[in-house]
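Below, each chain spelled out in residue letters.
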Amino acid sequence: AHARSFSEAESPCEHARLYDAWLSDPEVFIRTDQPKGLQGLHVGCLWHSAKGSSLQFETYRDALRSANGPDHYVVPFRTVHANSSWSEFRTVLAEVLDLNRPTNTWAHQELKQVFGVFAAHGQRLRSIAEALEASLIFVI
């Protein structure tokens, strides 16, 4: 079976409605003294562009539905080359999601766990190929 190619603007996750069960609307977070959303849970989608020259990545930060839709990023071709490493890809994720910034003022930021990348069924992803196969990914 041949996988369908999607353009840069066309998300396979939106097309298949994969986000529906995983995103929350801002109004369900009724407390005004806390940020809205599920802090630190980023729900995203990864796919090859139709031309295959880049990876497309979109994400809903903090698993929060947005009227503007997801944030969209193009992962540079050098990162999607067959010889690219998972650590290079993780570096791109950390940059676009700004994952290395302090999220609070607590002491011992050096003890903060590194982020993980997971498929919807809970499997930890360990390669670009696994992330592409999963399509819908969770960065926590």
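Fair warning: this is a prediction, and the values are worked out from it, not measured in the lab. (Residues numbered from 1 in each chain as written. Predicted model: local features only at pLDDT ≥ 70, side-chain atom pairs only at ≥ 80, totals over all residues. Heavy atoms only, no water.)

A. Seen up close, the packing of aromatic side chains. According to the stated counting rule, one finds four aromatic pairs in the structure shown. Where Tyr-19 meets Tyr-60, the ring centres are 4.9 Å apart and the plane angle is 75 degrees; that geometry is what we call edge-to-face. Remark: Tyr-60 occurs in strand S2 (residues 55–60) and Tyr-19 occurs in the loop between helix H1 (12–15) and strand S1 (42–48); sequence separation between them is 41 residues. Residue classification places Tyr-19 among the buried positions, given a relative accessible area of 2%. Seen from their ring centres, Phe-57 and Tyr-73 are 6.2 Å apart, and the 25 degrees between their planes marks the pair as stacked. Taken together, the residues Phe-57 in strand S2 and Tyr-73 in strand S3 (residues 71–75) connect sequence positions 16 residues apart. (Phe/Tyr/Trp six-rings, centres within 6.5 Å; stacked < 30°, edge-to-face > 60°. Helix = DSSP H or I, 4+ residues; strand = E, 2+ residues; numbered from the N terminus. Buried < 20%, exposed > 50% of the residue type's maximum accessible area, 1.4 Å probe, protein only.)

B. Structural detail: the pattern of salt bridges. On inspection of all chains with the given rule, the structure shows three salt bridges. Note that Arg-17 and Asp-20 form a salt bridge whose closest N and O atoms lie 2.8 Å from each other. By relative accessible area, which is 37% here, Asp-20 ends up partly exposed. The shortest N-O distance in the salt bridge between Arg-31 and Asp-33 comes to 2.6 Å. Taking relative accessible area as the criterion, Arg-31 reaches 46% and is therefore assigned partly exposed. (Salt bridge = Lys/Arg side-chain N within 4 Å of Asp/Glu carboxyl O.)

C. The side chain of Thr-59, seen in detail. In this fold, Thr-59 is placed in strand S2. In this structure the side chain of Thr-59 is engaged in a polar contact, spanning 3.3 Å, whose partner is the backbone oxygen of Val-43. Not counting residues within four places of it along the chain, the set of residues in contact with Thr-59 comprises His-42, Val-43, Gly-44, Pro-70, Asp-71, Tyr-73 and Leu-97. (Polar contact = N/O pair within 3.5 Å; in protein donor to acceptor, adjacent residues only side chain to side chain. Contact = heavy atoms within 4.5 Å.)

D. Looking closely at unusual backbone geometry. Of note in this structure, Ala-63 is not a glycine but carries a positive phi near 55 degrees. You can see Ala-63 is positioned in the loop between S2 and S3. Given a relative accessible area of 0%, Ala-63 falls into the buried group. For Asp-98, which is not glycine, the phi torsion reads 55 degrees and is therefore positive. With respect to the secondary-structure elements, Asp-98 resides in the loop between helix H3 (86–97) and strand S4 (117–119). Of the residues examined, Asp-98 reaches a relative accessible area of 42% and is grouped as partly exposed.

E. Up close: the nonpolar core. Formed by 20 residues in total, the largest nonpolar core has its most connected members in Phe-57, Phe-89, Val-117 and Val-139. Among the elements of the structure, S2, S3, H3, S4, helix H4 (128–134) and strand S5 (136–139) are those that each provide at least two residues to this core. With six residues, H3 is the largest single contributor of residues to this core. Not counting residues within four places of it along the chain, the set of residues in contact with Phe-57 comprises Gly-44, Cys-45, Leu-46, Asp-71, His-72, Tyr-73, Val-75, Leu-93, Val-96, Leu-97 and Ile-137. Counting residues in each nonpolar core, the second largest holds 12 residues, with Cys-13, Tyr-60, Ala-63 and Phe-118 among its members. (Core = buried A, V, L, I, M, F, W, Y, C linked by side-chain atoms within 4.5 Å.)

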